[in-house]
Amino acid sequence: MEGLRLDPWLARQLVCPRDAHDLTIEFDTMQCRLGHNYPVVGGIPILLIPEANVTHQAATVSINQACRASPSETSQSREAWPTGAIDSFVQLAIGSTNGQMWWPLVGRLREYPVPNLSLEPPSKHEEWFLDLGCNWGRWCLAAGRLGYRAVGIDVSLDAVRAAYRVAHELSVKAQYLVADARYIPFRDATFSVVSSYSVLQHFEKADATRALSEARRVLVEGGIAHVQMANRYGVRSLYHQAARGFRQPTDFEVRYWGPRELVATAERLIGPAALRPDGYFSLNAQAAEAHLLPRRFRAVARASGFLQALSAYVPALTSAADSVWVVAHKR
Ligand SMILES: [Zn+2]
């Protein structure tokens, strides 16, 4: 698998996202034996299925970019590494990836916000962590710092390129490729953890279910699915649903799930499951990043962190969280 910007072991775990057959690489194309072709741009495989319905417009953009890539941009070329300033992709994307409280910081970020991953560090030497919909890679950075071998997939080639630049800048080992959470291009039982943040909450329930089934498939036995979702009964969630008249969400709008529905779905698709609060008063408050927020939002993120900690003693607080982690063990 020469020519790929991936660890050789990880590259050998790649499979065709349509049919799970082995992939081979020739120049700037990966191919399965049924003749499905996938472009490789700058060492990054683009393992998207163009005929699949689109969850995010960025998938179409990536496919078009791959078609337009010149041969010099394909297997060999590498981009220039950044020079210490905050990456311009992240400067623009921060409002979309990190939530409403970050909109005032678009173009004005001084430091990369890296959240805390509420997981135990890996118990074995090589444990692989997969982030579904990684964008510029903030959760992979968190996983890498915790000691996992972090891998992120995203439908946006621009986001994946930015993720490589940021990981390099912060000296975190993480690897990325372009792929769809509903068609994960890895072999069965590859990862110890499959995580996802602020991605499946935007999917229609059929797509979220498909992504969870795929998460199960690529998890090792006993592996952990760790997926953030929006709780229908969170205080701010109720306000948001009321503001849109409790109508059916469309496009990339947030889908709200009931806590029991989340646990039942995760138990059916993955294994024994429980909820953990992620945030209050917003879908994206991370106490670890509070110091970077505009002053008026710092208290919100810190209060959210306080309630999250308190929920260990007052379990009922979990069902009032706006954002929850669904944690399920594959069985
Ligand atoms: Zn195939």
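Residues numbered from 1 in each chain as written. Predicted model: local features only at pLDDT ≥ 70, side-chain atom pairs only at ≥ 80, totals over all residues. Heavy atoms only, no water.

A. Main features of the state of the cysteines. By the definition in use, this model includes 0 disulfides. Between Cys 134, a cysteine without a disulfide, and Cys 140, which holds the nearest cysteine sulfur, the sulfur-to-sulfur distance is 5.4 Å. A relative accessible area of 4% places Cys 134 in the buried class. (Disulfide = S-S within 2.5 Å. Buried < 20%, exposed > 50% of the residue type's maximum accessible area, 1.4 Å probe, protein only.)

B. Quick peek at the coordination of the zinc ion. Taken together, Cys 16 (SG), Asp 19 (OD), Cys 32 (SG) and His 36 (ND1) make up the full set of protein donors to the zinc ion, lying 2.1 to 2.3 Å away. One way to put it: the 4 donor atoms around the zinc ion meet at angles of 89 to 123 degrees, and that makes the site tetrahedral. Taking relative accessible area as the criterion, Cys 16 reaches 2% and is therefore assigned buried. For Asp 19, a relative accessible area of 25% translates into the label partly exposed. (Donors = N, O, S within 2.8 Å, 3.2 Å for Na, K, Ca; no water. Tetrahedral: all angles 85-135°; square planar, octahedral: opposite > 155°, others 65-115°.)

C. Region of the structure containing the pattern of salt bridges. The tally for this structure, following the rule as stated, stands at 15 salt bridges. Here Arg 217 and Glu 214 are joined by a salt bridge, their closest N and O atoms 2.8 Å apart. In this pair, Arg 217 and Glu 214 both sit in helix α6 (residues 205–218), 3 residues apart, roughly one turn of the helix. When salt bridges with common partners are traced through the structure, they connect Asp 7, Glu 126 and Arg 149 into a single cluster. (Salt bridge = Lys/Arg side-chain N within 4 Å of Asp/Glu carboxyl O. Helix = DSSP H or I, 4+ residues; strand = E, 2+ residues; numbered from the N terminus.)

D. Geometry of the nonpolar core. Counting residues in each nonpolar core, the largest one holds 102 residues, and the members touching the most others are Leu 130 and Phe 186. Setting aside anything within four residues of it in sequence, one finds Phe 186 in contact with Leu 10, Gln 13, Leu 14, Val 15, Leu 130, Val 151, Ile 153, Leu 177, Phe 191, Arg 217 and Val 218. (Core = buried A, V, L, I, M, F, W, Y, C linked by side-chain atoms within 4.5 Å. Contact = heavy atoms within 4.5 Å.)

E. Representation of the environment of Ala 93 within the structure. Note that Ala 93 resides in helix α3 (residues 88–98). Classification of Ala 93 as buried rests on a relative accessible area of 11%. In the structure, Ala 93 is positioned 59 residues away from Gly 152 in sequence and 17 Å away in space, judged by C-alpha atoms.

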